[in-house]
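# Observations on the model geometry
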Amino acid sequence: MGSLICDVRDQKFVLYEILKIEDLFKTQRFGAYSRDMCDMVQDGAKKIAEEVIFPSLAEGDREGCRLENGSVHVPKCFHRNYALFREGGWTTISTSPEAGGQGFPLVIGMMSEEWFMHNFGLVGYAYLTTGAAHLIEAYGAESQKKKYMEKMYKGLWGGNMCLTEPGAGTDLGSIRTKAVRQPDGTYLLQGAKQFISGGDQDLTENIVSPVLARIEGDPPGTAGISIFLVPKYIVNDDGSLGRRNDYTIGGIEHKLGLHGSATCQMNFGDNGECYAEILGEERQGIKVMFQLMNEARVDVAVESLASASIAYLHAVAYAKERLQGSALEDMKNPRAPRVPIIRHPDVRRMLIWMKAHVEGIRALAYYTAWCIDVIHSTDDNARKDTCRAIMEVLTPICKAFSSDVAFRVTETAIQVHGGYGCCSEYPVEQFLRDVKMTSIYEGTNGVQALDLVGRKLSLKKGLYFMILLEEIQKTVQGCRGVTGIKDMAEDVQDAANNLAEVGLFFAS
Ligand SMILES: Cc1cc2nc3c(=O)[nH]c(=O)nc-3n(C[C@H](O)[C@H](O)[C@H](O)COP(=O)(O)OP(=O)(O)OC[C@H]3O[C@@H](n4cnc5c(N)ncnc54)[C@H](O)[C@@H]3O)c2cc1C
């Protein structure tokens, strides 16, 4: 039997037959990599996903996180599994070798994430840390890189992302957390953050939180926001851990799903002693945060894909086992053998719909990640520009479409299971609860729509959007003469024409 988490062959199909990623290995940047090496990543990811990541999904959900004496405790089974995941280097597959990562193309990192992200409650601690370390790698001073980055990439210290406040969710310009400059160049922070994934946990000995705040006297709105690094334990010059920083965990949210992921309220500077270091330049906080948003949003698409993929495969397996009713042709014969429900046309309809959407969002997410790889590896400037344009326009679509579709796929998986699908003995109800959050964080899907229409469609006076349409046009042309897909090519052409009309409407 194939895996119940991801379809190995379908992943390979997108990587090698659609995207032809072996061409990436001809570039200088990825010249040291090969298909064999990528296949080894896939085999290893499958193994640890099946033996470690998936088995702790239900237990993590049942046990959830606890706040005791001001400290967050994650589910017990996460400790061993986090250590195995961390030691395997799974969160740094595409991180640069200079920073201690393995340097594979991003699309290979994404492929491995597809194996793990169904259990974001567990692996989220590690991936959020890598995201925070990326920020330090891109914008940190040498001293900050030395102090924090290596330990974070190794997963020995944790990281997170502190943007949201009680009065500032989508509207980040309203944040009130305040930073006060100190004579030694550091800052003191005061304020409250909410909904912070991994704001605290007991998996790592230290946690480094990038926090958005406004320096006293800086202008209102997003233009006045800076970003700071706030360690849980202040790091001494020799690398040892010093005093506990002045912030507390006010509570953890009791959510619909992702029970293993601690969603924290954080109070900074109740005693006026919350130490913080600026990351990058003052008042550049939003710019710093948003430069990495593209990859973070594609990451959420992969998280959605992971839940959709596992839900679909569980639904297929269940439909092959569950006997109910007779075959359509034997409907009137009460003695006819009971058949697996996969024989019923309505069940097949649901499964085919799920399969089509899972494969669609996989292609979309991998394609967007591959565009980022081409941008980073090609010497051909025209190609780089084309890929940048496509990546920019597709990113909000990738995040919003994948998370909306994934929710519907998990819901359909419950439908395929009938009443059992609603019960906690089967994992599909948890897939649905967990995946719902993906349409909310990293910018709600409504915000992705605003980004697409308000910003991306008009980027470079509409040129980026036109480049995407041209690429679609080329694909349609290439398929017009091909038996079996001619009709589909015409459907895509019609959809592209509608898309162009909508684009023109918003541009005018
Ligand atoms: C499980 C979970 C984990 C999270 N982890 C983190 C984290 O690690 N770090 C962090 O900083 N935050 C985190 N968040 C917070 C998340 O980013 C916010 O919930 C999100 O940005 C939305 O903010 P909000 O909840 O205040 O909703 P609101 O901003 O109040 O939005 C409510 C609704 O109004 C819509 N809306 C709001 N403004 C507009 C507008 N201008 N135009 C059109 N529609 C609008 C939204 O799309 C949404 O549908 C997390 C949230 C959840 C649920």
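Residues numbered from 1 in each chain as written. Predicted model: local features only at pLDDT ≥ 70, side-chain atom pairs only at ≥ 80, totals over all residues. Heavy atoms only, no water.

## Description of the domain arrangement of the protein
Selection criterion: Residue ranges for the domains originate in an automatic or database domain assignment. Residue contacts are counted whenever heavy atoms from the two residues lie within 4.5 Å of one another. The buried area of a pairing is the accessible area, by a 1.4 Å probe, that goes missing from both parts when the two are put together, added over both. In what follows, salt bridge is the name for a side-chain nitrogen of Lys or Arg lying within 4 Å of a carboxyl oxygen of Asp or Glu. Under this definition, polar contacts are N or O atom pairs within 3.5 Å; protein pairs additionally need one hydrogen-donor-capable and one acceptor-capable atom, and for neighbouring residues in sequence, both atoms have to be side-chain atoms. Secondary structure counts use DSSP, requiring at least four H or I residues in a row for a helix and at least two E residues in a row for a strand, with both numbered from the N terminus.
Split into domains, the protein comes out as domain 1 (25-157), domain 2 (158-283) and domain 3 (292-456). Distance from the C-alpha centre of domain 1 to the C-alpha centre of domain 2: 22 Å. Taken together, the contacts link 33 residues of domain 1 with 35 residues of domain 2. Summing the contributions of domain 1 and of domain 2, the shared interface buries around 2800 Å²; its carbon and sulfur component is 66%. Taken together, the connections running from domain 1 to domain 2 amount to one salt bridge. The partner of Glu277 in a salt bridge is Lys147, and the shortest N-O contact between them spans 2.7 Å. Where domain 1 packs against domain 2, one counts 15 residue pairs in polar contact (both at pLDDT 80 or more). Of all elements in the fold, only helix 3 (57-63), strand 1 (66-68), strand 2 (71-73), helix 4 (77-87), helix 6 (120-139) and helix 7 (142-153) reach the threshold of two or more residues within the side of domain 1 that touches domain 2. It is helix 6 that contributes the most residues to the side of domain 1 that touches domain 2, 10 residues altogether.

## With respect to helix 11 (residues 381-417)
Working note: α-helix, 3.6 residues per turn, so residues spaced by three or four point in the same direction. Here is the rule: Expected span of a helix: the number of residues minus one, times 1.5 Å. Two axes are fitted around each residue, one to the seven residues ending there and one to the seven starting there, and the angle between them is reported as the bend at that residue.
Helix length check: helix 11 (37 residues) gives 51 Å between terminal C-alpha atoms against 54 Å at 1.5 Å per residue, within 8%. For helix 11, the principal kink sits at Leu394 and spans about 40 degrees; a proline, Pro396, occurs within the next four residues. Count one or two residues on from helix 11 and you reach Gly418, which has phi positive near 60 degrees.

## Brief notes about the packing of helix 2 (residues 35-53) against helix 4
What counts is decided by this rule: For helices, the fitted axis covers only the stretch in contact; all axes are lines through C-alpha atoms, and the angles between them, taken along N-to-C directions, range from 0 to 180 degrees. Roughly parallel means an angle under 35 degrees; roughly antiparallel, over 145; roughly perpendicular, 65 to 115; everything else is oblique. Nonpolar residues are Ala, Val, Leu, Ile, Met, Phe, Trp, Tyr, Cys and Pro. Charged residues are Asp, Glu, Lys and Arg, and all others, Gly as well, are polar.
Packing of helix 2 against helix 4 brings their axes to within 11 Å, and their N-to-C directions diverge by 170 degrees. Classed by the angle they form, the pair helix 2 and helix 4 counts as roughly antiparallel. Residues Ile48, Val52 and Ile53 of helix 2 pack against Asn81, Leu84 and Phe85 of helix 4. Residues of the contact of helix 2 with helix 4, tallied by class, amount to five nonpolar, one polar and no charged.

## Remarks on the layout of surface pockets
Here is the rule: Grid points spaced at 1 Å and placed over the protein atoms alone form the basis of the search, with a cavity being a set where a 1.4 Å probe fits but cannot get out and a pocket an open set showing protein on both sides within 12 Å along at least five of seven lines. Lining residues have an atom within 4 Å of a point. Grid points are joined across faces, edges and corners, and a volume is the space filled by probe spheres set on the points.
Taken as a whole, the second largest pocket holds about 1600 Å³ of empty space. Ala363, Tyr367, Ile472, Thr475 and Val492 are the residues nearest the centre of the second largest pocket, which is lined by 38 residues in total. Taken together, the elements giving at least two residues each to the lining of the second largest pocket come down to helix 1 (8-18), helix 10 (345-377), helix 11, helix 13 (445-456), helix 14 (463-480) and helix 15 (486-507). By residue class, the composition of the lining of the second largest pocket is 30 nonpolar, four polar and four charged.

## Focus on the pairing of strand 7 (residues 225-231)
Keep this limit in mind: Categorising residues by exposure relies on relative accessible area from a 1.4 Å probe, with only protein chains included: less than 20% of the type maximum marks a residue as buried, more than 50% marks it as exposed, and the intermediate range marks it as partly exposed. Strand pairing is assigned whenever DSSP detects at least two bridges linking the two strands.
Where burial is concerned, most of strand 7 is hidden: seven out of the seven residues are buried. Where burial is concerned, the two faces of strand 7 agree: the one with Ile225, Ile227, Leu229 and Pro231 and the one with Ser226, Phe228 and Val230 are both buried. The sheet contact formed by strand 6 (residues 206-215) and strand 7 spans seven bridges and is antiparallel. Directly across from Leu212, in strand 7, lies its bridge partner Ile227. Here strand 7 runs beside strand 12 (residues 274-278); their pairing, made up of two bridges, is antiparallel. Residue pairing across strands places Leu229 opposite Glu277, the latter belonging to strand 12.

## Some thoughts on the nonpolar core
Most often, soluble globular proteins keep nonpolar side chains buried together rather than apart. Rule in force here: In these notes, a set of buried Ala, Val, Leu, Ile, Met, Phe, Trp, Tyr and Cys residues joined through side-chain atoms within 4.5 Å is what counts as a nonpolar core.
Ranked by size, the top nonpolar core spans 121 residues in total, and within it Ile21, Ile108, Phe116 and Leu189 carry the most contacts. Looking at this core element by element, the count peaks at 15 residues for helix 10. When near neighbours in sequence (up to four residues on either side) are disregarded, Ile108 contacts Leu15, Ile21, Cys38, Val41 and Ile93. Judged by nonpolar contacts, the second largest core, of 24 residues, contains Met152, Leu172, Val208 and Val235.

## Remarks on a nonpolar patch on the surface
Note the cut-off: Each patch is built from residues that are more than 30% exposed by relative accessible area and take part in no salt bridge. Like charges join if they lie within 9 Å; nonpolar side chains (Val, Leu, Ile, Met, Phe, Trp, Tyr) join within 5 Å. In this description, accessible areas are obtained by the Shrake-Rupley approach with a 1.4 Å probe, and a residue is regarded as covered only by the protein chains that are shown.
Residues Val453, Val502, Phe505 and Phe506 make up a contiguous nonpolar surface patch of about 370 Å² in total accessible area. Take Phe506: it is sitting in helix 15.

## Describing unusual backbone geometry
A positive phi angle, near 50 degrees, is found at Asn69, a position not held by glycine. Within the element layout of this structure, Asn69 appears in the loop between strand 1 and strand 2. The class of Asn69 is exposed, set by a relative accessible area of 83%. Even without a glycine there, the phi angle at Glu442 is positive, about 60 degrees. On the basis of relative accessibility, which here comes to 25%, the residue Glu442 falls in the partly exposed class.

## Regarding the pattern of salt bridges
A side chain with one charge may pair with a side chain of the opposite charge, provided their charged atoms come close. What the rule picks out here adds up to 31 salt bridges. Its salt-bridge partner being Lys26, residue Asp23 comes within 2.9 Å of it at the nearest N-O pair. Using a relative accessible area of 42% as the deciding quantity, one classes Asp23 as partly exposed. By relative accessible area, Lys26 is classed as exposed at 68%. For Glu63, the salt bridge is made with Lys76, and the minimal N-O distance between the two is 3.6 Å. Placement of Glu63 in helix 3 and of Lys76 in the loop between strand 2 and helix 4 is noted, with a sequence separation of 13 residues between them. With relative accessibility at 28%, the residue Glu63 sits in the partly exposed group.

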